[in-house]
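Residue strings, one per chain:
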Amino acid sequence: MGIAIADAEGLAALSMRRIAAELGVSTMALYRYVGGKDALVLQMVDTAMAEFPLPAEPPANWRDGIAVAARLQWAAYRRHLWLASAISLGRPQLVPNLLPHTDAVLRAVSAFGVDKSNALYAAISVFAFVRGVALAMETEAYAEQDTGLTADEWADRQGDQLAALITAGNLTAFRELLADDFEFDYDLDRLFEFGLDLVLDGLEKTLARLR
């Protein structure tokens, strides 16, 4: 029930009172069963991540090991737009179905033989990248819902103002970019894959240096 509401309306629409009403029970009864909204959201995160299990056999090389975990997390964020904002980077929750993803990245990083701190920083960096792009996806979905405009349609409406700012600031790189009526197709899936390659290439170079 909580996931259905968050999927349709976002986490802001979720409340213990709302869930209790949907289930036909008292709010206090729900508190006794669940323990509060934070506990409910934690269960929702765990249930959502359970939809995207890691393969039984891990990939043979480190790069594929990280890529598989990252893409599964991206798929989870894609299906549940609220999920990225429900997961903390600085104070990670103990989510049984998310911990294996971190474990998979740590196993992959172990191939480089770096110390424990750098291995953990590597895993956090992968997580932060995927979550960061996913947060943009959530924001874009709500912006489109509020304005009725896609990202491309919104950008088209900013064209004249952008051109004026480029001219006023003598922004030569922007001027060159937009020459010949260049149109940019803003695709979050492509952005994720492009960024993932950058992260993996950077990890390979950095971890090899740190070993």
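Below: a short report on this structure.

So, how was this worked out
- Residues numbered from 1 in each chain as written.
- Predicted model: local features only at pLDDT ≥ 70, side-chain atom pairs only at ≥ 80, totals over all residues.
- Heavy atoms only, no water.
- Patch = residues over 30% accessible without salt bridge, like charges linked within 9 Å, V, L, I, M, F, W, Y side chains within 5 Å.
- Areas by Shrake-Rupley, 256 points an atom, 1.4 Å probe, with all protein chains shown as cover.
- Salt bridge = Lys/Arg side-chain N within 4 Å of Asp/Glu carboxyl O.
- Lys, Arg positive; Asp, Glu negative; His and termini not counted.
- Charge placed at Lys NZ, Arg CZ, Asp CG, Glu CD.
- Helix = DSSP H or I, 4+ residues; strand = E, 2+ residues; numbered from the N terminus.
- Buried < 20%, exposed > 50% of the residue type's maximum accessible area, 1.4 Å probe, protein only.
- Phe/Tyr/Trp six-rings, centres within 6.5 Å; stacked < 30°, edge-to-face > 60°.
- Axes fitted to C-alpha atoms, helices over the stretch in contact; angles between N-to-C directions.
- Parallel < 35°, antiparallel > 145°, perpendicular 65-115°, else oblique.
- Left-handed = near helix turned anticlockwise from the far one by under 90°.
- Contact = heavy atoms within 4.5 Å.
- Nonpolar A, V, L, I, M, F, W, Y, C, P; charged D, E, K, R; others polar.

## Quick notes on a negative patch on the surface
In step 1: Negative charge collects at one region of the surface, where Glu144, Asp152, Glu153, Asp156, Glu176, Asp180, Asp181, Glu183, Asp185 and Asp187 lie side by side.
In step 2: No other element matches the 3 residues that helix 9 (residues 151-157) contributes to the negative patch.
In step 3: Here glutamate 183 is to be found in the loop between helix 11 (172-177) and helix 12 (188-210).

## A word on the pattern of salt bridges
Two side chains with opposite charge may pair up if their charged atoms get near one another.
In step 1: Within the structure shown, the criterion is met by 8 salt bridges.
In step 2: A salt bridge links arginine 18 to glutamate 9, with the shortest nitrogen-to-oxygen separation between them at 2.8 Å.
In step 3: Notably, a salt bridge pairs aspartate 201 with arginine 63, separated by 2.9 Å at the nearest N-O pair. Highlighted residues: aspartate 201 in helix 12 and arginine 63 in helix 5 (residues 62-79), separated in sequence by 138 residues.
In step 4: We classify aspartate 201 as partly exposed; its relative accessible area is 40%.

## Details of the packing of aromatic side chains
In step 1: A full pass over the atoms with the stated rule returns 3 aromatic pairs.
In step 2: Here the aromatic rings of tryptophan 74 and phenylalanine 192 are separated by 4.7 Å at their centres, their planes lie at 0°, and the arrangement is stacked. In this pair, tryptophan 74 sits in helix 5 while phenylalanine 192 sits in helix 12, placing the two residues 118 residues apart along the sequence. Each member of the pair, tryptophan 74 together with phenylalanine 192, is buried.

## Considerations on the packing of helix 7 (residues 99-109) against helix 8 (residues 116-147)
In step 1: Here helix 7 crosses helix 8 at 130°, and the two axes come no closer than 9 Å. Relative to helix 8, the element helix 7 is oriented oblique. Remark: the crossing between helix 7 and helix 8 carries right-handed chirality. Here Thr102, Val105, Leu106 and Val109 of helix 7 come into contact with helix 8, specifically with Ala119, Leu120, Ala122, Ala123 and Val126.
In step 2: In terms of residue class, the contact of helix 7 with helix 8 is made up of 8 nonpolar, 1 polar and no charged.

None of this, on its own, says anything about what the molecule does.
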